[in-house]
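Examination of the molecular architecture
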Amino acid sequence: MRKILLSLTILLAVNVLMAQQSDIPSVTLKTLDGKNFNTSDIKNGGKPIILSFWALWCKPCQKELDAFNELYDEWQEETGVKIVAVSIDDSRSTSRVMPFVNGKGWEFEVLLDPNGDLKRAMNVNMIPHTFLIDGNGKIVAQHTSYFDGAELELYAKVKKLAGIK
């Protein structure tokens, strides 16, 4: 029994480490205007990227993205970070995403994953689920859920990645 528990613990640790140092999977999503977009094109010239999964029905997701948007100009100016929000709303709801985003005034890029392809490829089970990606396209941190101030903890990691104290 002890060997099994040890093996499971090691396997879990390896999976966590691998997830923290993996690339964004290559999946075709849709832009808000209906064009195809491959996630391999999510790049930011060697600067950090925040990739956040959300849905229209998820209030904590909206709070997190509102907090990101409020600070986005400042964050971009200081670190060059890019934010990409991925809506996991299904095909029945995707027509409501663009009016919602426009109403919120979100300045960052929003992509649609109505079939859940990227969500599955990145093992997203709960939202909000936010990934921090370094300038080389490697996932270096992730978190689920949102609480007031969580955006500041994430931004501290962004600044560290960008080499800013």
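These numbers were taken from a predicted model, which means no experiment stands behind them.

Here's the deal with the pairing of strand β6 (residues 129-133)
- The buried count for β6 comes to 5 of 5 residues, which makes it a mostly enclosed element.
- Residues His-129, Phe-131 and Ile-133 point to one face of β6 and Thr-130 and Leu-132 to the other, with burial holding for every one of them.
- One ladder, built from 5 bridges, connects strand β3 (residues 49-54) with β6; its direction is antiparallel. The residue bridging Leu-51 from the neighbouring strand is Phe-131, located in β6.
- Bridge count for β6 against strand β7 (residues 139-144) is 5 bridges, and the pairing is antiparallel. Looking at β7, one finds that Leu-132 is bridged to Ala-141.
- Linking β6 back to β7 in an antiparallel pair, the connection comprises 5 residues, with Gly-137 at a positive phi of about 85°.

What to know about the packing of helix α2 (residues 59-79) against helix α5 (residues 150-161)
- One can describe the packing of α2 onto α5 by two numbers: an axis separation of 12 Å at closest approach and a directional angle of 15°. It follows that α2 is roughly parallel to α5 by the angle criterion. Judged by the sense of rotation from one axis to the other, the crossing of α2 with α5 is right-handed. Where α2 approaches α5, its residues Ala-67, Phe-68, Leu-71, Glu-74, Trp-75, Glu-78 and Thr-79 are matched on the opposing element by Glu-151, Leu-152, Leu-154, Tyr-155, Val-158 and Lys-159.

A look at the pattern of salt bridges
- Scanning the model with the defined rule gives 6 salt bridges in all.
- Salt-bridge contacts for Lys-138 lead to Asp-23; the nearest nitrogen and oxygen are separated by 3.0 Å. With Lys-138 in the loop between β6 and β7 and Asp-23 in the loop between α1 (2-20) and β1 (28-31), this residue pair connects regions lying 115 residues apart in the sequence.
- For Lys-138, a relative accessible area of 28% corresponds to the partly exposed category.

Let's talk about α5
- With 12 residues, α5 should cover 16 Å at 1.5 Å per step; its first-to-last C-alpha distance of 17 Å lies within 8% of that length.
- Along α5, the residues classified as buried are Ala-150, Glu-151, Leu-154, Tyr-155 and Val-158. One face of α5 carries all of its buried residues, which in axial projection span an arc of 130°. Opposite the packed face of α5, turned more than 90 degrees from it, sit the exposed residues Leu-152 and Lys-160.

Thresholds, definitions, all that
- Residues numbered from 1 in each chain as written.
- Predicted model: local features only at pLDDT ≥ 70, side-chain atom pairs only at ≥ 80, totals over all residues.
- Heavy atoms only, no water.
- Buried < 20%, exposed > 50% of the residue type's maximum accessible area, 1.4 Å probe, protein only.
- Helix = DSSP H or I, 4+ residues; strand = E, 2+ residues; numbered from the N terminus.
- Pairing = 2+ DSSP bridges.
- Axes fitted to C-alpha atoms, helices over the stretch in contact; angles between N-to-C directions.
- Parallel < 35°, antiparallel > 145°, perpendicular 65-115°, else oblique.
- Left-handed = near helix turned anticlockwise from the far one by under 90°.
- Contact = heavy atoms within 4.5 Å.
- Salt bridge = Lys/Arg side-chain N within 4 Å of Asp/Glu carboxyl O.
- Expected span 1.5 Å × (residues − 1).
- Arc of directions from axis to C-beta.

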